[in-house]
Amino acid sequence: MGRAKEIIVKVIPAKIANEFVKKHHYSGKVAPNSKLHFGAFLDNKLHGVLSFGSPLDKSKVLGLVQGTLWNEMLELNRMAFDDYLPKYSESRCLSVCFKLIKKNAPHIKWILSFSDGVLCGDGTIYRASGFQLTQINDKTENWELPNKQVVQACTLRQSGYTSWLLPFITKQKFDEIRNGSTSSKRIMEYIGAKKLNGNQLRYIYLIDKTCKITVPILPFSKIDEMGAGMYKGKKITLAERQLTSAGSVKAAQQSSRLQEGFESTPALKNTSHAI
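These notes cover the structure that comes with them. Going along each chain's sequence as written, the residues are numbered from 1 onward. Per-residue local features are limited, in this predicted model, to residues with pLDDT of at least 70; the limit for side-chain atom pairs, both in listing and counting, is 80 or more; totals at the level of whole chains, interfaces and linings are taken over all residues. To obtain the side-chain values, all non-hydrogen atoms of the structure were used and water was disregarded.

So, the nonpolar core
In summary, soluble globular proteins display a tendency toward joint burial of nonpolar side chains. By nonpolar core we mean a set of buried residues, namely Ala, Val, Leu, Ile, Met, Phe, Trp, Tyr and Cys, connected to one another through side-chain atoms within 4.5 Å. Only protein chains enter the area calculation, which uses a 1.4 Å probe; residues under 20% of their type maximum are buried, those over 50% are exposed, and those in between are partly exposed. Counting residues in hydrophobic clusters, the biggest one holds 35 residues, and the most contacted among them are F38, L50, F52, I101 and I111. The numbering of helices and of strands both runs from the N terminus, where a helix is a DSSP run of H or I of at least 4 residues and a strand a run of E of at least 2. Those elements giving two or more residues to this core turn out to be strand 2 (34-42), strand 3 (45-53), strand 4 (73-81), helix 2 (89-104), helix 3 (124-128), strand 6 (132-137) and strand 10 (200-206). Considering every element that reaches this core, the biggest residue donor is helix 2, with seven residues. Ranked by size, the runner-up nonpolar core spans 14 residues in total, among them W143, L165, I191 and A193.

The structure is reproduced here in structure tokens:
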């Protein structure tokens with residue numbers, strides 16, 4: 001595991017987390033629904049951020065785990081690291097985050113996360129960290145704007161007219177085209193955006209191991225069967241992916257046996273009300 005065991009994980013302010021995410025996450029964007037931010041520190045400097053919060057539409061995902069109440073799950077909205085951290089840092093940090101959540105916010109039963117198989121990867125770190133694969137969706141909503149910026153059109157259903165539309169369409173024309181509909185496709189086609197093909201993979205991690213996932217758990221081999229394999233934005237085979245994740249699996253197992261470096265915080269206990 002090397003120096004990964006020296007990483008200290010602790011809660012940090014949203015302002016610091018968001019600045020780091022904008023600089024180091026492949027999307028360059030923060031998740032406005034993130035409410036709980038962990039920082040990964042090595043040599044007294046911030047080198048990674050993991051941001052958790054509510055899903056965009058929580059009502060649609062609560063049923064993925066049996067009996068889930070409104071405040072009993074979180075989504076891992078963003079995970080970003082710089083190049084300073086050593087190998088296996090992601091697995092180490094996830095392990096510590098889950099321990100902190102379980103200790104300080106025991107009402108949180110499970111974690112949801114999505115892997116972007118269009119621009120980033122198919123979830124190697126999630127699989128190495130004990131997540132279950134529950135969906136491979138080829139109907140993603142990634143679009144490339146005329147200025148080459150990549151956005152998720154699904155945000156239009158939540159926020160309506162948004163800042164990245166400003167160069168391409170007025171608010172008046174936006175409302176005219178939508179005509180009361182929540183569909184984003186007509187808007188994206190009108191502004192000349194290009195639909196990007198690929199997959200989105202859904203993962204679930206059970207903090208409370210007594211919880212039951214209500215949807216089918218897919219074997220990881222399904223990723224290659226559907227041609228959904230991707231790592232760092234490039235297509236990858238099953239053999240290559242297993243080679244990449246082998247070390248991370250070992251790291252995650254070792255992490256559970258190590259003395260965790262963290263600072264607990266009362267702010268974490270407020271997640272029952274804030275999220």
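Remarks on the sheet that holds strand 8 (residues 150-152)
Note on pairing: two strands pair once DSSP finds at least 2 bridges between them. Ordered in space as 8-7-9, the three strands form an open sheet in which the pairing is antiparallel. Lying at the two open borders of the sheet, with one neighbouring strand each, are strand 8 and strand 9 (194-195).

Here we look at unusual backbone geometry
Even without a glycine there, the phi angle at D43 is positive, about 55°. Looking at where D43 falls in the secondary structure, it is placed in the loop between strand 2 and strand 3. Classification of D43 by relative accessible area gives partly exposed; the value is 38%.

Details of the pairing of strand 5 (residues 110-116)
Among the seven residues of strand 5, six are classified as buried, and the element is accordingly described as predominantly covered. Two elements, strand 4 and strand 5, share three bridges in a ladder whose sense is parallel. The partner of M73 across the bridge, within strand 5, is W110. At this point the chain moves from strand 4, through helix 2, to the parallel strand 5, and the crossover so formed is right-handed. By convention a crossover is right-handed if, when the strands point away from the viewer, the path from the first strand over the helix to the second runs clockwise.

Topic: the environment of E75
Tracing the chain through its elements places E75 in strand 4. Judged by relative accessible area, which is 12%, E75 ranks as buried. In sequence terms E75 and F52 are 23 residues apart; their C-alpha atoms lie 5.5 Å from each other. Apart from residues lying up to four places away in sequence, E75 is in contact with S51, F52, G53, S54, P55, L56, L112 and F114. Between two residues, a contact is recorded if the distance between any of their heavy atoms is within 4.5 Å.

Points about the side chain of H37
Take H37: it is sitting in strand 2. Since its relative accessible area comes to 4%, H37 is described here as buried. Any N or O atom pair separated by 3.5 Å or less is treated as a polar contact, with the protein-specific requirement of one donor-capable and one acceptor-capable atom, and with residues adjacent in sequence counted only for side-chain atom pairs. Side chain to side chain, H37 and S51 meet in a polar contact 2.8 Å long.

Some details on the packing of aromatic side chains
Aromatic rings from Phe, Tyr and Trp, with only the six-membered ring used for Trp, were paired whenever their centres fell within 6.5 Å, and each pair was classed as stacked if the ring planes differed by under 30 degrees, edge-to-face if by over 60, and tilted otherwise. For the structure shown, the criterion picks out seven aromatic pairs. Judged by centre distance (4.2 Å) and plane angle (20°), the ring pair of F98 and Y205 falls under stacked. On the criterion of sequence distance, the pair formed by F98 in helix 2 and Y205 in strand 10 is long-range, its members being 107 residues apart. Taken as a pair, F98 and Y205 share a single burial class, namely buried. Considering the side-chain rings of Y126 and F131, the 4.9 Å spacing of their centres and the 45° angle between planes classify their relative orientation as tilted.

Some remarks on the pattern of salt bridges
Put simply, a salt bridge is a Lys or Arg side-chain nitrogen that is within 4 Å of an Asp or Glu carboxyl oxygen. On inspection of all chains with the given rule, the structure shows 11 salt bridges. In this structure, the salt-bridge partner of D175 is K171, at a minimum N-O distance of 2.6 Å. With D175 and K171 both in helix 5 (residues 171-178) and four residues apart, this pair spans about one turn of that helix. When its relative accessible area of 37% is taken as the criterion, D175 is described as partly exposed. The shortest N-O distance in the salt bridge between K222 and E225 comes to 3.6 Å. With K222 and E225 both in helix 7 (residues 221-225) and three residues apart, the pair spans about one turn of that helix. Classification of E225 as exposed rests on a relative accessible area of 57%. Within this structure, R3, E6 and D43 form a network of salt bridges that share partners.

Comments concerning the side chain of S113
When you line up the elements, S113 lands in strand 5. Judged by relative accessible area, S113 falls into the buried class, the value being 0%. In this view, S113 contacts L76, Y126, F131, L201, R202 and Y203; residues no more than four positions away in its chain are not counted.

Looking at helix 2
For helix 2, spanning 16 residues, the distance from its first C-alpha to its last is 22 Å, which sits close to the expected 22 Å at 1.5 Å a residue. Burial analysis of helix 2 places 12 of its 16 residues in the buried class, the great majority of the element. For helix 2, every residue scored as buried is listed here: S89, S91, R92, C93, L94, S95, V96, C97, F98, L100, I101 and N104. Under the convention used throughout, the expected extent of a helix is 1.5 Å for every residue step, that is, one less than its residue count.

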